[in-house]
Amino acid sequence: FFARWFVPCLFAMQTPLCHALPASPQELALEIKAFLTGFDQTQGRKLSVRDHARCAVRLLCTVPACRGAVLEHLREVYDEYVAAFLQDLEVEGDRDGGGVGANLEDVVKEVHAVLSEFVRLNPKAWAPLVSAWAVDLLGHLSSKHAGRRAAPHSSSLNELLQLWMSCTATRCLMDIYSQCLAAMLAWCPDACVDALLDTSVQHSPHFDWVVAHIGSAFPDTIISRVLACGLKDFCAHGMTGSEKPSQQAARASPNPMMAAVDKSNRVPKIGSVVGILGHLASRHSDSIKRELFRMFQDSLSPSAGQTTPGWEVTAHLNRVTVPFLLQLIALSPTLLGAVSFELVDSLRPPLLLQLQCQLQGLPQDEQENLLGLAVHLISQFPAGGARLLHFLADTATPASVIISGPSPSPHDGVRECCDRLLQMLLLHLHKLVYSRLDIDEPCNPSSSLSTPVRVIPFLEELQSHVAELCGETLRLERKRHLWLHQLLCLLSVYGGPTVATEALCQLLTLARNPEELTLASQLYAPLSVSLPGLVPAALDRCVAQVHTQNLSSRELAQLLNNLAAAVHSQEEDAKGPGAGQASMAAQVAAAVPAHLHNFCHLLLHGDHAVSRSAARLLSCSQLPHAASSSHLVQISRAAVAHFFLALRQRGLSGVSDGGEAVSYSMRLLARLAAYSPLALKSVLQQLVEGALHKGNVDLFGGQSQGQGGGITPSAAVILDTGSSLLDINCTFGTTVNFAGSVWSVFHAGEVGKGLKPPSNSLQPDPDRVIQNLQTLLAITIQCCTSAGAGSGANGGNGSSSGTLNGSRHNHGGETLSDGPAPINAEAAKAVAVALVENICPDVANGELAWPPEDHAKTTVERDIYIRRAFEANPVLFHLLRVVAAGRPALCYCSVILRALLATLLAHWEASREPSVLDSPWHRPGVLPPCPPAWARASSFLLSSATSTSSSPHLTPFEVRLLLVGVWEYMRGNTPVPQKFTFSAEKGLFYRDFSRDGDVVRYVAPIHSVLHKNIDELGHLCWRFQN
Amino acid sequence: MSDIRHSLLRRDPLSAAKEVLYHLDISLGSALQAPGGPPALEKATVDLVEEFIFHASRERSGPPKRMSCVQELQLLEIMCSYFQEQSKDAVRQLIFSALFGLQGNQADDCRMAMLGKLVSMGVAVCCVPILECAAAWLQRSHAVCCVGIARVLVDDYCTLVPGSTSTLQQVFSASPRFCCQFITAVTALYDLSSEELTPPPPLLEMVVGWITEDHRLLLLTFLNMPLTSPLPLGCLELTPLLGLLRWSIKAPLAAQRKRKHGLTNGQPEAEKGAGCEELYSKLHLSVLQVFLMLQAHLTEKNLIGRLSVLQVDHVAALVEEVGRLGEELNPLNAANHIQLALDRMAQALQVAMASGALLCTREDLRMLCSRLPHNNLLQLVMSGPVQQPHAPFQPNLYPHIHAPRATPLAHPAHVISPHSFHPAIGFAYRPIR
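Calculation rules
- Here the residue numbering is sequential within each chain, running from 1 through the sequence in written order.
- By the order in which they are written, chains take letters starting at A while ligands take numbers starting at 1.
- Owing to the predicted nature of the model, reporting of local features is limited to residues with pLDDT of at least 70; listing and counting of side-chain atom pairs is limited to 80 or more, with chain, interface and lining totals taken over all residues.
- A run of DSSP states H or I qualifies as a helix once it reaches four residues; a run of E qualifies as a strand once it reaches two. Both are numbered from the N-terminal end.
- Three exposure classes are used, based on other C-beta atoms lying within 10 Å of a residue's own C-beta, which is placed from the backbone: buried for 20 or more, exposed for 12 or fewer, and partly exposed in between.
- Two residues form a contact once the distance between their C-beta atoms, set from the backbone, is within 7 Å.
- Geometry is summarised by axes, namely lines fitted to C-alpha atoms with helices restricted to the contacting stretch, and by angles between N-to-C directions that run from 0 to 180 degrees.
- Throughout, the term roughly parallel applies to angles under 35 degrees, roughly antiparallel to angles over 145, roughly perpendicular to angles from 65 to 115, and oblique to all others.
- Note: crossing handedness is left-handed where the near helix turns anticlockwise from the far helix by less than a right angle, and right-handed where it turns clockwise.
- Just so you know the grouping, Ala, Val, Leu, Ile, Met, Phe, Trp, Tyr, Cys and Pro go in nonpolar, Asp, Glu, Lys and Arg go in charged, and all remaining residues, Gly too, go in polar.
- To estimate how far a helix should extend, the number of its residues minus one is multiplied by 1.5 Å.
- Working definition: the nonpolar core is a set of buried Ala, Val, Leu, Ile, Met, Phe, Trp, Tyr and Cys residues, joined through C-beta atoms within 7 Å.

**What to know about the overall build of chain B**
Along chain B, the regular secondary structure elements total 20 helices and zero strands. The buried share of chain B, reckoned over its 433 residues, is 43%.

So this is what it looks like as structure tokens:
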């Protein structure tokens, strides 16, 4: 501020002094002599620096011929001033800075005032002169004193600027230069910018502050002029000279920087253009960008005036503009960055046509060069690469009726060009990517840290667009997907595991059909060499996505389906000859098992498609070799739950592929069951539990109300009314559960209102019930048998007992035609235990040994409960039969059998009907009339002697007698598993009844009953003869 | 000579130049003493001068050692004081032409630049010998070079350094001969063919000042010139008369053109044309008066009708220029200016013909001016004196008009514009840096 205020003052003071000199020729001659010799003859003494300078200024004002010499002399004055200034800075504090610098300061200002007035008065004559002088001097000063201690390093532009602008000499020079420039820009902008560029080249790093200052003072002008100068220079030097090195740089030159330096030597202007624009880019990048685009557009705008005289020159310039711009951008990453993002916006179809027309005029090799350069540039794009790629692909895609893009289809030539460009780009990237790898590979891990990995900005940027790329690739549009697929490959190789993983993951997620899925495997094929462990990583990522719930249910289903398809195809491949281990399918198949527990919760996904896909995947993939038990339980729980869901789904109309889901589910369960005893047990337990679950009973023709018995009535009431727990607790006697004790109350109904009405919930379709039952039993039996086969205990094809098959045919009309594999004892035991646990409300008196018959009176309530459970769930009988088939598992169901027998006994004892036929309990479907007989038939628990077929001709009393006999027998011969022996040749357990001792005691009532009804039961007598 | 050269090569540029100057002085001075007229310059001497004073690059010696501007100034100062102190006019002339005589080689550029500075400095320190020598040089040299020197002076004193016109002004008193040549060169330089070639107002003012002060100034060279000696090819005209006429005639048109351009360029030009108008008008009057004076001189030397001071084809060129300029301008807007120009031309033609400075028939004149727009006065001049009741000049003085013959001074085949490029003398003036 001070200087600005001060200079005009000085100016006003100085100007008249300068002009009013009485200048006689003789005086002037003396003055010249004094100036030349540095010696004042009139006073006879040597001139001081200051007086010398004054003398020079006077000469400048009076003798025009001395101009050059004076300016040259002033250079030294300025130089001396700057040196003193810097020295003052360096020894600041040591002495008060009143040395030479202060002496010269007013001279410097005087010079500035004089020159500035000259320029003001006659800019046309003086501005070129002074500006050339000033800029040269500035360059000289700043490079000469760059090494001084006080001078900051040339890289810190701001400090440099601060230093020099605080120095009076350089600030004055700068001011005068700005003044000149402001004057000259009006009429010969080229010349002054040329001079600036030349000087900038000469004093390259040290002069930057000048350019920066000037550039920020006249940004628009400087930018456009600098560009124009560069263009002109480029035009003059011809493209051939400059193109080749860049071409080398574009091709695989090891060090692009070297090539750039090389080139900038050859074409000096463009180098400094780049430098200057680089400086200005930080603050005026918008202007630069605008200017570049303007040049580009202008050069392509149809040349309106062919009549104007200079049109040939402009046409030539226009032709050169595009190569020039490319060259320019190639040299400066900053400019590239400034341009890259918006380039695509400017490429509209008409412009493209123009561009193509123009470039066609070039000779073949130049076209090639340009293409190469463009490719190189694209590969260096820091931003906007994705858009550009999109644009290129759009333009290069052949016009078709199917694809109707937003923009009208371009000219064929343009399309071919783009096509070519794209292919070259891919090739180039390919080279870059793989040469990068080649460089990296031979290095040791330690040295690879030191060698910087070459960065390809284009690919860097695209890394964040992998998902879009994948999406587009999967559209399978003609050539486009080939390009993109190739690009994906390169990107994956470039980006390493993370990108490759993401790409693969995306493809797996987004592929909708086998064709699209092949893209994934095609992507994997080239990558498998360089990126081991890709598939597991991809799966990890998929799982992570599943967990974070980023995927829509559609995508989720796709993903699961694709994985399943891959696994499935691998299975098929493995069957065929020459199964490649390296294929993606194999890898997937190997990797999926580790994540099964992650997928299993998807079985219960709300979307049926997802759950079905999950089931499919789980059903076809191997279980992990060493799965933890918690995972197994988790999986089995989910699998069973899904099974019931699938059954329900199958029943619903509108779900077309319910059967498929069920079959997946069954396969999964079978696989699980075969995996390990633990899994088997878990599955069976879950199955039984599920079958009896309140929500599922209707699937198997059961009634849910039976389950309500598990809850105490008061609790049920409470639950219904929803009153507060405090109220309940305050009411005496309600908090204690008396169920099962002698105080318990039977709720058969209310007095005066009769029995409780049986809840007639709507019965499901019997066919469906039968189907469901079949499915359930099939899977249960499959589980049981497969476990036997898997464990190897019952390895051989055990001979099936005829009675077993026969009994099956007897009951329920179900025809299970599965293989003859015997039921595994362990499996059957698991089912038995599960049954007991689920049906039996308490475990009191749950031991295997049978108590005396009277003892049953203490367990009446429990017995009734169990009987009701059987009434409500017909499936229980079938399950019980399964248990019975797996000897000796039925032993564990003693409690249940006892309960059933006890209720029967009580029933028949109380029955007053003349014949069994009249009893309401004899209705088929409600309860099989004679469970012990059924038990006898299916198991060797009871001796054949006590077995008798129920007859409709017996009286209830007789039936009771028989049943009591059975009970007695059971009490006498406690059914425990220890009584069974394993028969190795048959693979089954057998019980030797001969060791039971005397059975006559139990057979006697039977004999008497037979005798009494000999007419009807005579045919049975032979069975009890021995 | 090669010994000298080798010894000089070892020295710094300034002292070598000084040495050459000294050598030149000795050898030419002694040669002048010897009988047999002025000696021819030796080739070796010229080479030395070129190498060590003008630093023309010798192909074998690599990059020449250039003097710095200060050293150059020192050299100029030495030359100045040398010429100042050299008492013998002949030696002065000889050395001057040895130094600055154009050789038609590439050293001429440096020679011209140096000469420009020397003359400029001579003007500043009022070194009469140098100005005299320069005047002689201007007479002998090609117009292009003379124009270059004139441009240097004009740039230095009229445009670059404000307020230094007065320094140039005093040339008039110091060396009228140089002054006359300078005016000729300046009129050749500024032919008003474009805006850049319009004389700067300070220059105009100064020239008009000189002329009004002493009309004879314009005829100085013409009168001092021995009529027998042929003029060198392509040199300046003997008098600045035609050039000055061109100024005064074209000035109104040029001013109008400038105004028009100023309008189209959107910059309202400051109205300082009024002063110039007056100056041009003054100039016109002076030139006409000089014609009258010329008639007296011609009559005195009995050259009437034998010597055409104004070349007919130069005049024809002027007429054509005026016609073209008039067409360029919108005749509606610039009618006044065109009429003024034509009036002036008619006056000038009439006076020139009448005074015998222009040898031309009325028929030729009519043909010449047939393309021009209508102008009453011009019409009158073309139609000629039907009757001259009070004609100031005797009609019998006209017979020579009908029989033009080649005069020793006329070189119609070599009408060379000072601005046209001449391959032999590739001189292009650059402002010093």
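Next comes the rest of the description.
**Brief notes about the overall build of chain A**
Helix and strand content of chain A: 47 helices and six strands. Looking at chain A as a whole, 42% of its 1026 residues qualify as buried. Considering only intrachain contacts with a sequence separation of at least 6, the fraction spanning at least 24 residues in chain A is 76%.

**What about the packing of helix α6 (residues 107–125) of chain B against helix α8 (residues 143–160) of chain B?**
All names here are of chain B. It is the contact of α6 with α8, at a shortest axis distance of 9 Å, that shows an interaxial angle of 45°. One finds that α6 runs oblique with respect to α8. Note on packing geometry: the crossing formed by α6 with α8 is right-handed. Packed against α6, whose contacting residues are M112, L115, G116, V119, S120 and V123, the element α8 presents C145, G148, I149, V152, L153, D156 and Y157 at the interface. Residues of the contact of α6 with α8, tallied by class, amount to nine nonpolar, three polar and one charged.

**Considering helix α5 (residues 89–100) of chain B**
Helical periodicity: at 3.6 residues per turn, an α-helix aligns residues three or four positions apart in one direction. Residue and element names in this part refer to chain B. Here α5 is twelve residues long and its end C-alpha atoms lie 16 Å apart, about the 16 Å a rise of 1.5 Å per residue gives. Among all positions in α5, only L94, I95, F96, L99 and F100 are buried. Buried positions along α5 lie against α2 (13–33), α3 (43–52), α6 and α7 (128–140).

**Focus: the interface of chain B and chain A**
Interface size is commonly expressed as the accessible surface area that is lost when the partners come together. Taken together, the contact between chain B and chain A spans 27 residues of the former and 25 residues of the latter. Contributions of two or more residues to the side of chain B that touches chain A are made by α4 (69–85), α6 and α8 of chain B. Partitioning the side of chain B that touches chain A into residue classes produces 14 nonpolar, seven polar and six charged.

**Topic: the environment of A:D88**
Residue and element names in this part refer to chain A. With respect to the helices and strands, the residue D88 is situated in helix α4 (residues 67–90). A count of 19 C-beta atoms within 10 Å places D88 in the partly exposed class. Considered as a pair, D88 and A150 are 62 residues apart in the sequence and their alpha carbons are 9.2 Å apart.

**Re unusual backbone geometry**
At B:C126, a residue that is not glycine, the phi angle is positive and equals roughly 55°. Along the polypeptide, B:C126 turns up in the loop between α6 and α7.

**Here's the deal with helix α2 (residues 25–37) of chain A**
With 13 residues, α2(A) extends 18 Å from end C-alpha to end C-alpha; this agrees with the ideal 18 Å at 1.5 Å per step. Among all positions in α2(A), only A:L28, A:A29, A:E31, A:I32, A:A34, A:F35 and A:L36 are buried. Contact partners of the buried residues in α2(A): β1 (39–40) and α3 (49–62) of chain A together with α4 and α6 of chain B. Looking at the residues trailing α2(A), positive phi occurs at A:G38, about 75°.

**Some details on the nonpolar core**
Formed by 402 residues in total, the largest nonpolar core has its most connected members in A:V831 and A:V883. In terms of residues, this core owes the most to one element, α8(B), which gives 13 residues. Not counting residues up to four positions away in its chain, the partners in contact with A:V831 are A:L684, A:V688, A:T780, A:L879, A:V882, A:V883 and A:A889.

**What to know about the environment of A:L848**
Residue and element names in this part refer to chain A. By secondary structure assignment, the location of L848 is in the loop between α40 (825–839) and α41 (860–872). C-alpha separation for the pair L848 and P977, spaced 129 residues apart in sequence, amounts to 9.7 Å. Setting aside its immediate chain neighbours within four residues, L848 contacts C891, S894, T974, P975 and V976.

**Points about the packing of α4(A) against α4(B)**
In the contact formed by α4(A) and α4(B), the axes pass within 7 Å of each other and the chain directions differ by 140°. Taken as axis vectors, α4(A) and α4(B) run oblique relative to one another. Of the two possible hands of crossing, α4(A) and α4(B) adopt the one that is left-handed. Contacts between α4(A) and α4(B) involve A:G68, A:A69, A:E72 and A:H73 from the former and B:C69, B:V70, B:E72 and B:L73 from the latter. Split by residue class, the contact of α4(A) with α4(B) holds four nonpolar, two polar and two charged.

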